Amino acid sequence: MRLVVKIKDKINSSDHLVIITTGNNFLNEYSFSVLEKNFIKDSIKNKEKLISINQYKRWIFICIPDKGKDKYQQQENFRKAAYKLYAVLKTKKITSVTISDIKKNIQNSISFAEGLALSNYQFLKYFKNAKEKESKLQEIFIQLPKSADSSIEKLNAVIEAVYTARNLVNEPSNFLTATQLAKEAKEFCVSAGCRVEIFEKKRIEALKMGGLLAVNKGSVDPPTFTTIEWKPAKSKNKKPIILVGKGLVFDTGGLSLKSTAGMDAMKSDMGGAAAVIGTMYAVAKAKLPVHIIGLIPSTDNRPGVNAYAPQDVIKMHNGLMVEVLNTDAEGRLILADALSYAKQFNPELVIDLATLTGAATVATGQHGIVAMGTASDKFFDALDKSGYNVYERIVRFPLWDEYKEYIKSDIADIKNVGNREAGAITAGKFLECFTKYPWIHLDIAGSAYLDYQTHYRGKAGSGIGVRLLFDFFRNYTVGKFNSKYF
Ligand code: BES
Ligand code: ZN
Ligand code: ZN
């Protein structure tokens, strides 16, 4: 069930109320009875973080998030506290709550509402009794003045975008083929005001996207290449910013076949595409004044009879010849064509997102995004900052010249794999050969699909990248981009 966040300036005495606070200085602000006050004081003394008060016609919940060591962690703790509350709301089948922060701190309320809304995500499409399983929570009100309206609009846009990104990742590949992914991207992004164009196989052949076509050879389904553009009448940038998302709808590894366990989560190999689709939607929906183009190369990777084989040499979109030594290193091949295609737009910056390497997962686990690239520090710093703002944190890896040696081929310009060392970096080094503009690569392999639920990010598809990039663009459009400490 999609959930909407709204503003409310007056609390009704029958509204289920959620008081969020970091201290106990709120006792006189709400008309608690003496009994209730004593109960609350005792609970706080006992270090309880979630206090429930039954007033019969309504519940009052007092949520006290853990103290964070800095303002970023504090906001994250508000989101996590909301996740704890969510479990209680669920058992009580509550449909609507009103959040009240004693200090009327917009950011605290928004982070809490965000955590609650994201906790409410469910993927029920394939259950016969989906209706019964559906969460009852539908509305979150925040007690804030009307002036917070535009922040709430943005929050709703982001929540909807994350939900859709998660849905796309959670969709199995027997539904979500490359053609279907393109269709979904079109429907969703057009509804927010984007222009969307889908290239089918013929057009991809005419464009000589040799990487995408090679990966697609083992498949019975055709590839697609989708362009999504958000071009507002007024924009901060003269040259567009381009987002490229890996849209591998299922990665078997191809002839270099993965193990059964290695294939377990591979419907999520389009997590980069999902992040781009979600971001394009949210930016357009919030009407941010920034010109962005999203590019999504898409196919599955299978060991069909005509599949591309190890030692094949393929000609890429930019003319570079690549020796394929492992057909499971397919993501870099389809991304490379898209990165080369991006050049014609004369971009200010290109950011690609991809579930690219197991090595990135090994490096950060599910808590980070591996970043690298050639863009200026200004962009990396801004992304780093956004990472902390939304808790989709990036860690920068080097792209030193020495790593280029790893992808030297005996018979072609480069090969598609290095040796066992520095796997995330050699993938980045490969992509770098196709970029002739400021560029950032985000390897989201560790965090796009979660094996277990820890908090509001949920299990399975996480939608990672959407909140990160939305925050990045939001800061970009308000000119908060020139200092590391904005
Ligand atoms: N899609 C995988 C990377 C991946 C692994 C994503 C685990 C999410 C979780 C990618 O196409 C791949 O198979 N990469 C290989 C590259 C290797 C053959 C050089 C890898 O990382 O093992
Ligand atoms: Zn692969
Ligand atoms: Zn892959």
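Given the structure is predicted, the values throughout are model-derived calculations rather than measurements.

1. A word on the domain arrangement of the protein chain
1) Next: Domains assigned within the protein chain are domain 1 (4-145) and domain 2 (157-477).
2) Next: Once you take the C-alpha centre of each, domain 1 and domain 2 turn out to be 36 Å apart.
3) Next: Residue-level contacts link 18 residues of domain 1 with 19 residues of domain 2.
4) Next: Buried surface at the junction of domain 1 and domain 2, summed over both partners, amounts to about 1,800 Å²; 59% is from carbon and sulfur atoms.
5) Next: Taken as a group, Y72, L118 and Y121 account for 38% of the area that domain 1 buries against domain 2, more than any other trio of residues on that side.
6) Next: Our count for the domain 1 to domain 2 interface comes out at 2 salt bridges.

2. Observations regarding the site of ligand 1
1) Next: Taken together, the neighbourhood of ligand 1 is formed by 15 residues, with D251, K258, D328, E330 and G358 sitting nearest.
2) Next: In this structure, a nitrogen atom belonging to ligand 1 sits 2.9 Å away from a side-chain N or O atom of D269.
3) Next: Separating an oxygen atom of ligand 1 from a backbone N or O atom of G358 is a distance of 2.7 Å.
4) Next: Relative to its free-state accessible area of 520 Å², ligand 1 is covered by the protein chains to the extent of 76%.

3. Regarding the sheet that holds strand β4 (residues 59-63)
1) Next: The strand order β1-β6-β5-β2-β4-β3 describes an open sheet built from 6 strands, whose pairing is mixed. The open sheet has two free edges, formed respectively by β1 (4-8) and β3 (50-54), since each of these has just one partner strand. When strand polarity is set aside, the average angle formed by the axes of neighbouring strands in this sheet is 25°.
2) Next: Sitting on the sheet, helix α5 (residues 149-170) is in contact with β1 and β6 (139-143), with an inclination near 170° to β1.

4. Let's talk about the nonpolar core
1) Next: Within the largest apolar cluster, 95 residues are counted, with the highest numbers of intra-cluster contacts made by F112, L442 and F473.
2) Next: Taken domain by domain, this core gets at least three of its residues from each of domain 1 (4-145) and domain 2 (157-477).
3) Next: Excluding anything up to four places from it in sequence, L442 contacts I351, D352, L353, A354, I369, V370, A371, L383, I394 and L468.
4) Next: Ranked by size, the runner-up nonpolar core spans 44 residues in total, among them V322, Y341, L431 and W439.

5. Digging into the sheet that holds strand β13 (residues 321-323)
1) Next: Judged by pairing direction, the sheet is mixed, and its 3 strands sit side by side in the order β12-β13-β17 without closing on themselves. The sheet is open, and its two borders are formed by β12 (313-315) and β17 (414-415), each paired with just one other strand.
2) Next: Relative to β13, β12 is paired through 3 bridges, and the arrangement is antiparallel. Within the sheet, the bridge partner assigned to V313 lies in β13 and is E323.

6. Focus: the packing of aromatic side chains
1) Next: Within this structure, the stated rule accounts for 14 aromatic pairs.
2) Next: Judged by centre distance (5.1 Å) and plane angle (70°), the rings of F225 and Y341 are edge-to-face. With a gap of 116 residues between them, F225 in strand β8 (residues 224-230) and Y341 in helix α11 (residues 331-342) connect regions that are remote in the sequence.
3) Next: Judged by its relative accessible area of 0%, F225 is buried.
4) Next: For the pair W400 and Y403, a centre-to-centre distance of 6.0 Å together with 10° between the ring planes defines the contact as stacked.
5) Next: Overall, Y403 belongs to the buried group, its relative accessible area being 14%.
6) Next: By way of ring pairs, the aromatic residues F199, F225, Y341 and F345 are connected into one cluster.
7) Next: The residue whose ring lies beneath K92 is W59, and the NZ or CZ to ring-centre distance is 4.0 Å.

7. Regarding helix α3 (residues 106-119)
1) Next: The terminal C-alpha atoms of α3 lie 20 Å apart, and with 14 residues this matches the ideal 20 Å at 1.5 Å per residue to within 8%.
2) Next: Burial runs high along α3: 12 of the 14 residues are buried.
3) Next: Among the residues of α3, N108, S109, I110, S111, F112, A113, E114, G115, L116, A117, L118 and S119 are the ones counted as buried.
4) Next: Looking at where α3 begins, the residue whose side-chain oxygen comes 2.9 Å from the main-chain nitrogen of Q107 is N105.

8. Structural notes on the pattern of salt bridges
1) Next: The tally for this structure, following the rule as stated, stands at 21 salt bridges.
2) Next: Across the salt bridge formed by E330 and K246, the nearest N and O atoms sit 3.0 Å from each other. In this pair, E330 sits in the loop between β13 and α11 while K246 sits in the loop between β9 (241-245) and β10 (247-251), placing the two residues 84 residues apart along the sequence. One exposure class covers both E330 and K246, and it is buried.
3) Next: Between E432 and K429 there is a salt bridge; the shortest N-O distance is 2.7 Å. One end of the pair is E432 and the other is K429, both in helix α14 (residues 423-432) and 3 residues apart, which spans about a single turn.
4) Next: One salt-bridge network, held together by shared partners, links E76, R79, E114, E392 and R467.

Thresholds applied
- All residue numbers here refer to positions counted from 1 along the written sequence of the relevant chain.
- To read the labels, note that chains go from A and ligands from 1, taken in the order they are written.
- Local features in this predicted model are restricted to residues of pLDDT 70 or higher, and side-chain atom pairs are both shown and tallied only at a pLDDT of 80 or more, whereas totals for entire chains, interfaces and linings draw on every residue.
- Heavy atoms from the whole structure form the basis of all side-chain values; hydrogens and water molecules are not counted.
- Those domain boundaries reflect an automatic or database domain assignment.
- Here, two residues are considered to be in contact whenever any of their heavy atoms come within 4.5 Å of each other.
- Here the buried area means the combined drop in accessible surface, using a 1.4 Å probe, for two parts upon being joined, counting both sides.
- Here a salt bridge means any side-chain nitrogen of Lys or Arg lying within 4 Å of a carboxyl oxygen belonging to Asp or Glu.
- Whether a residue is near a molecule or strand depends on its heavy atoms: it is near if one of them lies within 4 Å of it.
- Polar contact is the term for a pair of N or O atoms within 3.5 Å; when the atoms are in protein, one must be able to donate a hydrogen and the other to accept it, and sequence-neighboring residues count only if both atoms are side-chain atoms.
- Only the protein chains shown count as cover for residues, and all accessible areas are computed by the Shrake-Rupley method using a 1.4 Å probe.
- If DSSP finds at least two bridges between two strands, the strands pair.
- Put simply, DSSP H or I for four residues or longer makes a helix, DSSP E for two residues or longer makes a strand, and each gets a number counted from the N terminus.
- Working convention: axes come from line fits to C-alpha atoms, limited for helices to the stretch in contact. Angles between N-to-C directions cover 0 to 180 degrees.
- What is meant by a nonpolar core is a set of buried Ala, Val, Leu, Ile, Met, Phe, Trp, Tyr and Cys residues, joined one to another through side-chain atoms within 4.5 Å.
- Three labels apply to residues, based on accessible area from a 1.4 Å probe with only protein chains included: buried if under 20% of the type maximum, exposed if over 50%, partly exposed otherwise in between.
- Centre distance within 6.5 Å is the pairing criterion for rings of Phe, Tyr and Trp, where only the six-membered ring of Trp is used; planes under 30 degrees apart are then read as stacked, over 60 as edge-to-face, and the remainder as tilted.
- Think of it as a cone above the ring: NZ of Lys or CZ of Arg counts as a charge over the ring if it is within 6 Å of the ring centre and within 35 degrees of the ring normal.
- For a helix, the expected span equals 1.5 Å multiplied by the number of residues minus one.

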